[in-house]
Amino acid sequence: MEAGSKPSKVKKEKKPKAAEADASSHPLELSPPPAYIESRLKLWADLKAKYDAELAAKTPEPISITLPDGKVIEGQSWRSTPYQIAAQISQGLADNTIISKVDGKVWDLDRPLEGNCTLQLLKFDDPDAKAVFWHSTAHIMGEAMERHYGGCLCYGPPIEDGFYYDASIEGRQISSNDFPALENLMNKITKEKQPFERLEMTKEDLLKMFEYNKFKVRILNEKVTTPTTTVYRCGPLIDLCLGPHVRHTGKIKAFAVTKNSATYWEGKADMESLQRVYGISFPDGKLLKEWKQQQEEAALRDHRKLGRDYELFFFNELSPGSCFFYPKGAHIYNKLIELMRSEYRKRGFQEVITPNMFNSKLWVTSGHWEHYKDDMFLFEVEKEQFALKPMNCPSHCVMFLQRPRSWRELPLRYADFGALHRNELSGALTGLTRVRRFQQDDAHIFCTPEQITSEIMNALVFLKDIYDILGFELTLALSTRPDNFLGDIPTWDEAEKSLATALDAFGMPWSTKEKDGAFYGPKIDISVTDAMRRKNQCATIQLDFQLPIRFNLSYVTADEGGTKSRPVIIHRAILGSLERMIACLTENYAGKWPFWLSPNQVMIVPVASAFDEYGLNVRQQIWDAGFMVECDLDPGTTFNKKIRNAQLMQYNFILVCGEKEMSNKTVNVRTRDNVVHGEQTVDHVCQRLKHFAESRVREADEKF
């Protein structure tokens, strides 16, 4: 048993609920199947035949298809498909292609091309292809769920690591006991190589097709604003879906149903309760096997587990979504803040402190009341509506407005570590990665339009410097104007150009996420890769033209007439949420924290009880020097066991003291990896520890 862990208790076996206990007694498939399946298929057959006739009647014309390398292939409109073009190039390419992109838009491989176009053929390693692959597998699982449970399917999207399907099922509680049955059915479905077929239908026909499912009817009435939209069919499943999908179910070679949970319709606690089933899939079994191995490693690294094991933090139902940090966890928290504060002075940032609660008038002005009200904690004070702040930017605008501003003051860089609160649904709370109370290394830069490029460049350099210290690799992407953007297109174009110029000058590779910017401005998305090659998004750099307008911010320009101009705001967080960053770091380091950040920096181990007093004196000297240090005086533990315990708890340095060390006022230094650095004076040890802390080197254990 590792040091610090509690002895396991013999638990009474939990009796399964009735719905779970008899899971195996349910048939693999409902017999007869739900009546709505036959009704759906009949309407589909009529409309699909009509569509096929219309497609056959279209007059094909010669078209040019341009590939990414510039090569042009001739084809026919309404006849040539991306799959056929791929097969002309290479049958192996066609077979390995998951999905295509036509003029930058994902497109079914068997859907006819309609005119001259550009064509990309995407394999599984492309993010868009992966999303399509997982979305298609969700439909396969949805078909299995209908055949096994009946009920009404709701949403079934791809997510960051797989997919899920929500369903409303009366009289049956989904449990993990059902997973083999679902996987059995999914295996049958993939072997049948059911084609994914697309059909555009009128809203009237769709309401008729899905009249049995109040959730689909609700989507059609509330979300679909066009006269027509699309459905996709695989086997007996027909679902409301924009697609696209893989060619047929046989493309899904390996999959697993991974977990289930309860949820609400569209995540709203006052709506219907639903059941959710998650899954994962890959184009070959080797990838699934690797994924399962990664999941086993991830479980060992789970920050919630390590937080308990190392006494860093915990959660309690008395304050859901708000973390309690033990002294060791608080040490990490404060060291991260110290890191940012030490850099702020060098880089021209000024730290400010702003209130935690504001009158709703502030949020009305900022626009958050309209778009974000449901995610805020609201309360009444003296008949006025107030809210805890979920972000700092509006309060920084208030600070900017307190007096007239000159161009000489810009760029003005405000930094704020204030506590933020967001009213996340209880079902969405996930350890430190999704909380209700958190702090950010938040900053807002007020600058002129001409200063955007240089400020973005400075932010990127700042970002890389910090992440180099933490040991993370960066991936950068420019997110451009979304469909719901505010403002005018020329301003957006200029802003995107400024960000692209800064990214080019920065020198790291970057990609573009079309239409993925915030509604108020383009942004740079930064993801980091941890020790398990997982990507996490913590940092953000965003341009904002709307808040300066909403708050009527201005500065006096350098013109002789003293004209006023409007500043631009850059939202910038490098660590992002400190809570989320600590979760990422905990899982990345898996207990082996670098010395400067470590909650377990030094353990003193006296050779025998006769040297306990000297050990305590050494502990006090190192504590007074500012380090996290403990002394193991447990009389019931052998010396070798104490050393082993300290190594298991990942103390960076273990200082042994016996008769010789007590006589010489020294300690014998070794590391958690059992590297022995030998006898050193206590003063020298303190000097080296101070050097490691100040330089923030990651390999301090090796360099003593």
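Source: prediction; values computed, not measured.

Colleague: Explain the sheet that holds strand β19 (residues 384–388) here, please?
Modeller: By definition, the strands of a sheet pair up through backbone hydrogen bonds, in either a parallel or an antiparallel sense. Taken in spatial order, the three strands line up as β17-β19-β18 in an open sheet, and their pairing is antiparallel. Edge strands, defined here as strands with exactly one partner in the open sheet, are β17 (357–359) and β18 (378–381). Within this sheet the neighbouring strands show an average axis-to-axis angle of 40 degrees, counted without direction. Of the pairings in the sheet, the one linking β17 to β19 comprises three bridges and is antiparallel in character. Opposite Met357, over in β19, you have Leu388 as the bridge partner.

Colleague: Please clarify how the packing of helix α19 (residues 612–624) against helix α22 (residues 682–695) should be interpreted in this entry.
Modeller: Packed helices, taken two at a time, are described by the angle between their axes plus the distance between the axes. One can describe the packing of α19 onto α22 by two numbers: an axis separation of 10 Å at closest approach and a directional angle of 35 degrees. Where α19 crosses over α22, the handedness of that crossing is right-handed. Each of Tyr614, Val618, Gln621 and Ile622 in α19 lies in contact with α22, whose residues at this interface are Val682, Asp683, Cys686 and Leu689.

Colleague: What is the right way to look at the nonpolar core in this model?
Modeller: Where a protein is soluble and globular, its nonpolar side chains tend to be buried together. Counting 68 residues, the largest nonpolar core has Leu336, Ile456, Tyr467 and Leu470 as the members making the most contacts within it. If near-sequence neighbours (up to four positions away) are discounted, Ile456 is found in contact with Leu499, Ala502, Ile524, Ile541, Leu543 and Ile570.

Colleague: Could you clarify how one ought to interpret the pairing of strand β22 (residues 437–447) in this entry?
Modeller: For a regular strand, side-chain orientation follows a simple rule: the groups alternate between the two sheet faces. Counting buried positions along β22 gives 10 out of 11 residues, so the element sits mostly inside the fold. By the bridge criterion, five bridges tie strand β20 (residues 412–416) to β22 in an arrangement that is antiparallel. When the sheet's bridge partners are listed, Tyr414 is paired in β22 with His444. The pairing of strand β21 (residues 419–421) with β22 spans three bridges and is classified as antiparallel. When the bridges of β22 are listed, His421 appears paired with Arg437.

Colleague: What is the right way to look at the confidence of the model for the protein in this model?
Modeller: One rule of thumb: low pLDDT means the predicted coordinates there are not for detailed reading. Averaged over every residue, the pLDDT of the protein is 92; residues scoring 70 or more account for 97%. pLDDT under 50 marks residues 1–21. Its contacts with residues more than four places away, or in other chains, come to 13 contacts.

The rules behind each value
Residues numbered from 1 in each chain as written. Predicted model: local features only at pLDDT ≥ 70, side-chain atom pairs only at ≥ 80, totals over all residues. Heavy atoms only, no water. Pairing = 2+ DSSP bridges. Helix = DSSP H or I, 4+ residues; strand = E, 2+ residues; numbered from the N terminus. Axes fitted to C-alpha atoms, helices over the stretch in contact; angles between N-to-C directions. Left-handed = near helix turned anticlockwise from the far one by under 90°. Contact = heavy atoms within 4.5 Å. Core = buried A, V, L, I, M, F, W, Y, C linked by side-chain atoms within 4.5 Å. Buried < 20%, exposed > 50% of the residue type's maximum accessible area, 1.4 Å probe, protein only. pLDDT = per-residue confidence, 0-100.

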